[in-house]
Amino acid sequence: MLARLVVLALVACGGGTSQPAAEHAGHAHVESVPPEGKRFDPPVEKDAIPSGAWMCDMGTVHWAASEKNDGKCPICGMDLLQKK
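Residues numbered from 1 in each chain as written. Predicted model: local features only at pLDDT ≥ 70, side-chain atom pairs only at ≥ 80, totals over all residues. Heavy atoms only, no water.

Trainee: How would you sum up the overall build of the chain? Please name residues and give values.
Mentor: Across its full length, the chain holds one helix and four strands. Written out in order from the N terminus, the α and β elements of the chain read α-β-β-β-β. Out of the 84 residues belonging to the chain, those deemed buried represent 27%. In the chain, of all internal contacts separated by at least 6 residues, the share reaching a separation of at least 24 is 36%. Looking at the chain as shown, the accessible area adds up to about 6,000 Å², and 57% of this sits on carbon and sulfur atoms. (Helix = DSSP H or I, 4+ residues; strand = E, 2+ residues; numbered from the N terminus. Buried < 20%, exposed > 50% of the residue type's maximum accessible area, 1.4 Å probe, protein only. Contact = heavy atoms within 4.5 Å. Areas by Shrake-Rupley, 256 points an atom, 1.4 Å probe, with all protein chains shown as cover.)

Trainee: Explain the pairing of strand β3 (residues 61-65) residue by residue, including any values.
Mentor: For β3, the buried fraction is high: five of the five residues fall into the buried class. As defined by bridge partners, strand β1 (residues 38-44) adjoins β3 across three bridges and the pair is classed as antiparallel. Paired with Arg39 across the strands is Trp63, a residue of β3. Pairing between strand β2 (residues 54-57) and β3: three bridges, direction antiparallel. Within the sheet, the bridge partner assigned to Met55 lies in β3 and is Ala64. Count of turn residues in the β2/β3 antiparallel hairpin: three residues, of which Gly59 carries a positive phi of about 95 degrees. (Pairing = 2+ DSSP bridges.)

Trainee: So what about the pattern of salt bridges? Which residues, and what values?
Mentor: Overall, the coordinates contain two salt bridges when judged by the stated rule. Ionic pairing is found between Asp57 and Lys46, a salt bridge with its closest N-O pair at 3.3 Å. Taken as a pair, Asp57 in strand β2 and Lys46 in the loop between β1 and β2 lie far apart in primary sequence, eleven residues in all. Overall, the relative accessible area of 37% leaves Lys46 in the partly exposed class. Of the charged contacts in the structure, one is a salt bridge between Lys72 and Asp79, with a shortest N-O distance of 2.5 Å. On the accessibility criterion, Asp79 (46% relative accessible area) is partly exposed. (Salt bridge = Lys/Arg side-chain N within 4 Å of Asp/Glu carboxyl O.)

Structure representation (structure tokens):
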């Protein structure tokens, strides 16, 4: 009986499946960013941003776009840097 309860609890809570651990947001990989830009909350590491994108690099990236637009971060106002 106890074994059935344990199995039921694991299945009900999702503990019985072997799903990969959630990635830390800072280590996620970003495939692309839209021309108008995208906010990252929580911020991501700059290595996660695709080459050529314009980003607000404050140690981590909280906003990036595939086009320069006005060259300023709409969140904090800093100048955008292009990832090489």
